[in-house]
Amino acid sequence: MPNEEPLLKVRGLTRIFGSGCSKCTICTGPMAGTNICSQCRSIVACADVSFDLYAGEILGVVGESGSGKSTLVQCLYFDIPATAGEACFKPYKDGKVNMLACSAQEKRYIRHHLMGMVYQNPHLGLKLDFTAGGNIAEKLLTAGIYHVGQIRRRAAELLLRTEVPLERMDHLPRFFSGGMQQRVQIAKALANNPPLVFLDEVTTGLDVSVQARVLDLIKKLQRELGLTMIVISHDLGVIRLLTNRTLVMKTGRVVETGLTDQILEDPQHPYTQLLVSSML
Amino acid sequence: MGYVPIKGGKAAIEAAEELVRYFRLRGGSAPLEVKQIQDQMRLAVDRVMGEGSLYAPFHAALALKQAEGDTIEASFLLRAYRSTLPRIGYSLVADTREMAVIRRISAAFKDIPGGQILGPTRDYSLRLLDFQLAEESLTHIREFMGKFIPGAIRGEKGGMGDVLPSFPKVVDMLRAEGLLETPNKTEEAEEIIDITRQPLTFPAPRAARMQVMARGETGGLMALAYSSMRGYGNIHPTLGELRVGYVPLRVHHRTRPDEVVTVGRVLVTEAEVIARMDAGEDGIPRFTLGYGLCFGHNEIKAISMAVLDRTMRTGSKEAPAEDEEFVLYHIDGIEASGFTAHWKLPHYVTFQSVLDRLRRAQLVGRNEEGSQ
Amino acid sequence: MREKKVQSGYNFAFLDEQSKKEIRRRMLKAVAIPGYQVPFASRELPIARGWGTGGLQLTMSLIGPEDILKVIDQGSDDVVNAVNIRKLLVLTTGVRTTEDTREATLIQTRHRIPEEPLEDWQILVFQVPYPEPLRRVEPSEVKTREMHAEADYSRLWVYLYEDIVRWGEITIGAQYPVMVNGRYVMDPSPIPRWDVPRLNMAETLYLFGAGREKRIYAVPPHTRVEPLQFTDYPFRVEDFRCKQCALCGSVDTYLDEIIDDTTGARRYICSDTAYCAKRRRLKEEAGENA
């Protein structure tokens, strides 16, 4: 696996909220114990994040709230612009361009054709006033499928895969349970067979039994479809269950990276050690 | 051809116009003099000048007569008239510190330098129908004036003498103490666009927002400002100062550009609302300010405008009053009333088209039912 | 010549020359980017917002003393609003007017395209209440402009998809959204679907003016205009099969449904009243000659 070219290559990704100054990255981070710049009061949400992601791999990003893990995926999915850094994505122009610097229209294309996203809050990923089928249709229509029959066949297939009863296809997700909303969101994210899927705290806030079923579903889909995913979670249990490799983040920086098993068994950074020891 | 609709349009319009005239006059009372409206319907005239965005008391009064007291219709008449007038030039920025004040109050302080001046207000009058007004005659008026004028000349009737006073501003005092946000430098540097000559786009410069509101319909502004005051995005306003008075307008002399000439004065109402504190760029919290100013004496409008000026700068768009697009697109009385009225126009071609869709959908529905 | 004053005190065609020039500049931009909504500083006119002020400003900016003008509303020259608009234009220009589509150089319309084919020396000006085709799915102007910029029309498509799921058909009657030149989705104004195919690859310049919403847009001649449709749910015009005009007998024109005063029965007559009258005249003449 490591011999081939990575699917996604991220270098020096940084996002600062506020005016920013030359001292921002020096004044923040795990050593400083804060992500607020003492000079200009800007928030350094994440800084200098670099990693490679290979096809078929599942990368976990773990850290407490405020560690910058969600900002990282939001930048990669273009929900918010990155302040600095590069990201080359193999499916787009063979990874020869920095997609973070692309035009809004190009970013839209990448987002809708080459990526899928499942948010913690279904409100962000779904239009609750469109039907479940309509939500999936939105992705397919963006990809230029203008045939109602085809759209409905594909939507049915996806809902079947994500274990949503077919009779719910023409109902509004507004009235679905949290677990069901997440399944629809996953179906939507997978609609165009994207080479890369982001999962941002997808089980947070769900009942424990529902959590387990959604996680099982994701594992099953990964097995069947060979998905490449980036999984964001504060929960090491989720990370352990789903991922091969893990980045540990704290106050906007990556403090440790390695195979998930290794990180769990032999954490190096004191913060990771704290996380692991408090996991029991 | 009894079933051909809305034929003979021209004759029908002319007949309708005649009927309007008849309905105005059929009571048989003496014709209203424009001067009477201008004098005695003072607040309606002011409202029409503001919403019609033309400072012309006589024309506003005439419009009110023509519109039979409908202020929106009268404002529309005034605006349409305005658009035919040549644009000779723009005045210099008027400074309301120079205002010759007839009324001035602050809710923020018990007393203010120069004192509170109640002026002509019915704020504290009991709202009892005054049946004596039904019998008001010229004799009554002469009697009242005979008593009132000498007192006013002696200066007993606060702020009604020959020379109207001007006063320092309450917000200047707060600003001097560093309690109030400083004017936004980028806003001040912006070129002031004329919204009647340049299209409004978003985000709109503050000057454009102010212009739209100054021409806005009083009721529309009030409804949106009230929604904020009640809780949809409350900015916790305190009325720093409300003043009504005459402001001189100046222009550069046409042939001697160095010279500044006063060309007249306009009656305006100005409201400054002190709102929720916010941290400035230096991180120090200060009160924020909302500003409202409109033609004539119209306190509800000036206060509503000041509140909305502030709500639109909140940055969030969660409440309607915070969303500049929502506010600016919906407060213009001429636009809103025109479109509301346009539903009276024939729509039978479009209705025929939706009828076709409905019949088709019913057919599909019945077929589905039948097949089940 | 254009400075000629007709109604004392007003400029030729009401608007001042500076305003007309600015509006013509905006029209040129609109023609250069088919289907794109160009903002303009809409002037106040002596008729109400929502009553054709957009179309009027375009007509006023285009019209010259030599023009022959036709004004219609719902297809008819004689509907009160058309009469009113024609009155204002004649009062301030003194131009000749006509009811004959084939004779008019400049036609202002609300809700219809005349039945008779238009040619390249003619201009059709539409009055537009809602210039934004995305308003059905997004109320904010800032957002819809962004969606146009990125050619992001998926939400409108989903709206159509859901319509089919819910009703078995797309329920949009008039004002059917179209794709112009493969780039911008455009609101063709509330014309019936019947008229939509005639926007495509036409000979005539179509100009659209929204006065209250302050937008101008255009479909230049020979431009592709396609209604949004699904492969398996094609766009369909209004169904007038088995119906014909009670006056001229036409079976190939857009019809108005009329309820008879006395019998309450449904009857149909041509919406384009001038064309209907012309047909009857021709029929009579043919009858006399026979």
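What you see is a predicted model, and the numbers here were worked out from it, not measured in a lab. (Residues numbered from 1 in each chain as written. Chains lettered and ligands numbered in written order. Predicted model: local features only at pLDDT ≥ 70, side-chain atom pairs only at ≥ 80, totals over all residues. Heavy atoms only, no water.)

Draft legend 1. The arrangement of the packing of aromatic side chains in detail. Per the counting criterion, the structure on display carries 19 aromatic pairs over all chains. With 4.8 Å between their ring centres and 5° between their planes, C:Phe208 and C:Tyr217 make a pair best called stacked. Like C:Tyr217, C:Phe208 is buried. An aromatic cluster is built from C:Phe126, C:Tyr206, C:Phe208 and C:Tyr217, whose rings are joined through pairwise contacts. Its guanidinium or amino end placed over the ring of C:Tyr184, C:Arg183 lies 4.3 Å from that ring's centre, counting from NZ or CZ. Above the face of the B:Phe339 ring, C:Arg212 is positioned so that its terminal group lies 3.6 Å from the ring centre. (Phe/Tyr/Trp six-rings, centres within 6.5 Å; stacked < 30°, edge-to-face > 60°. Buried < 20%, exposed > 50% of the residue type's maximum accessible area, 1.4 Å probe, protein only. Lys NZ or Arg CZ within 6 Å of the ring centre and 35° of its normal.)

Draft legend 2. Representation of the nonpolar core within the structure. Among the nonpolar cores identified, the biggest contains 80 residues, and C:Phe126, C:Tyr206, C:Phe208 and C:Phe230 are the most heavily contacted of them. When residues no more than four places from it in sequence are discounted, the contact partners of C:Phe126 are C:Gly55, C:Thr109, C:Arg112, C:Ile113, C:Pro188, C:Ser189, C:Ile191, C:Leu199, C:Tyr206, C:Leu207, C:Phe208 and C:Gly209. Counting 34 residues, the second-largest nonpolar core is a separate cluster that includes A:Leu7, A:Cys46, A:Val73 and A:Ile110. (Core = buried A, V, L, I, M, F, W, Y, C linked by side-chain atoms within 4.5 Å. Contact = heavy atoms within 4.5 Å.)

Draft legend 3. Quick look at the pattern of salt bridges. Summed over all chains, the structure comprises 67 salt bridges over all chains. Linking A:Arg245 and A:Glu57 is a salt bridge whose minimum nitrogen-to-oxygen distance equals 2.5 Å. Residue A:Arg245 is found in strand β8 (residues 245-250), and its partner A:Glu57 is found in the loop between β2 (43-53) and β3 (58-62); the two are separated by 188 residues along the sequence. Accessibility classification places A:Arg245 together with A:Glu57 in one group, the buried group. Of the charged contacts in the structure, one is a salt bridge between B:Arg97 and B:Asp95, with a shortest N-O distance of 3.1 Å. Judged by relative accessible area, B:Arg97 falls into the partly exposed class, the value being 38%. When salt bridges that share partners are traced, they join B:Asp356, B:Arg357, B:Arg360, C:Glu169, C:Arg193, C:Arg236 and C:Glu238 into one network. (Salt bridge = Lys/Arg side-chain N within 4 Å of Asp/Glu carboxyl O. Helix = DSSP H or I, 4+ residues; strand = E, 2+ residues; numbered from the N terminus.)

Draft legend 4. Fine view of the sheet that holds β2(A). Residue and element names in this part refer to chain A. Spatial ordering of the open sheet is given by β2-β1-β4, a layout of 3 strands whose pairing is antiparallel. At either end of the open sheet lies a strand with only one pairing partner, and these are β2 and β4 (84-89). Averaged over neighbouring strand pairs, the angle between their axes works out to 15° when direction is ignored. On top of the sheet, helix α2 (residues 69-76) reaches β1 (8-17), β2 and β4; it is set at about 115° to β1, its chief contact. (Pairing = 2+ DSSP bridges. Axes fitted to C-alpha atoms, helices over the stretch in contact; angles between N-to-C directions.)

Draft legend 5. Focus on the interface of chain C and chain A. In this assembly, 17 residues from chain C lie in contact with 20 residues from chain A. Summing both partners gives a buried area of about 1600 Å² for chain C against chain A, and 63% of it is carried by carbon and sulfur. Counting every contact that joins chain C to chain A gives 1 salt bridge. Measuring nitrogen to oxygen at the nearest pair gives 3.0 Å for the salt bridge that ties A:Arg108 to C:Asp152. Summed over the shared surface of chain C and chain A, the result is 7 residue pairs in polar contact (both at pLDDT 80 or more). (Buried area = accessible area lost by both parts, 1.4 Å probe. Polar contact = N/O pair within 3.5 Å; in protein donor to acceptor, adjacent residues only side chain to side chain.)

Draft legend 6. Inspection of the confidence of the model for chain B at higher detail. Residue and element names in this part refer to chain B. Residues at a pLDDT of 70 or more form 95% of chain B, whose mean pLDDT is 89. Considering each helix and strand of chain B separately, the mean pLDDT is smallest for helix α8 (residues 185-189), with a value of 77, and largest for helix α3 (residues 42-51), with 98. Per-residue pLDDT stays below 50 along residues 1-5; that stretch engages in 11 contacts with residues further than four places along the chain or on separate chains. (pLDDT = per-residue confidence, 0-100.)

Draft legend 7. Focus on the interface of chain C and chain B. Listed by partner, the interface residues are 69 residues for chain C and 49 residues for chain B. Taken over both partners, the interface formed by chain C and chain B buries close to 4800 Å², and the fraction arising from carbon and sulfur atoms is 59%. At the boundary of chain C with chain B, the tally comes to 7 salt bridges. B:Arg360 serves as the salt-bridge partner of C:Glu169, at 3.1 Å between the closest nitrogen and oxygen. Taken together, the connections running from chain C to chain B amount to 27 residue pairs in polar contact (both at pLDDT 80 or more). Those elements that place two or more of their residues in the side of chain C that touches chain B are α1 (17-32), α3 (80-93), α4 (141-149), β11 (255-259) and β12 (266-270) of chain C. The residue makeup of the side of chain C that touches chain B, split by class, is 32 nonpolar, 12 polar and 25 charged. (Nonpolar A, V, L, I, M, F, W, Y, C, P; charged D, E, K, R; others polar.)

Draft legend 8. Layout of helix α8 (residues 208-225) of chain A. Residue and element names in this part refer to chain A. Here α8 spans 26 Å end to end across 18 residues, near enough to the 26 Å set by a 1.5 Å rise per residue. Taken residue by residue, α8 has Gln211, Val214, Leu215, Leu217, Ile218, Lys220, Leu221 and Gln222 as its buried positions. Residues of α8 that are buried sit in contact with β3, α6 (148-161), α7 (178-189), β6 (196-200), β7 (229-233) and α9 (236-242). After α8 finishes, the residue Gly226 shows a positive phi value of roughly 60°. (Expected span 1.5 Å × (residues − 1).)

Draft legend 9. View of a nonpolar patch on the surface. Judged by side-chain polarity, B:Leu138, B:Ile141, B:Phe144, B:Met145, B:Ile149 and B:Ile153 come together as a nonpolar surface patch covering roughly 590 Å² of accessible area. Position of B:Ile149 among the secondary structure elements: in helix α6 (residues 138-153). (Patch = residues over 30% accessible without salt bridge, like charges linked within 9 Å, V, L, I, M, F, W, Y side chains within 5 Å. Areas by Shrake-Rupley, 256 points an atom, 1.4 Å probe, with all protein chains shown as cover.)

Draft legend 10. Quick look at the packing of helix α5 (residues 132-142) of chain A against α7(A). All names here are of chain A. Where α5 meets α7, the axes come as close as 8 Å, and the angle between the chain directions of the two elements is 25°. Here α5 lies roughly parallel to α7, going by the angle between them. Of the two elements, α5 crosses α7, and the hand of that crossing is right-handed. From α5, Ala132, Asn135, Ile136, Glu138 and Lys139 reach across to α7, where they touch Val184, Ala187 and Lys188. In the contact of α5 with α7, the residues fall into 4 nonpolar, 1 polar and 3 charged. (Parallel < 35°, antiparallel > 145°, perpendicular 65-115°, else oblique. Left-handed = near helix turned anticlockwise from the far one by under 90°.)

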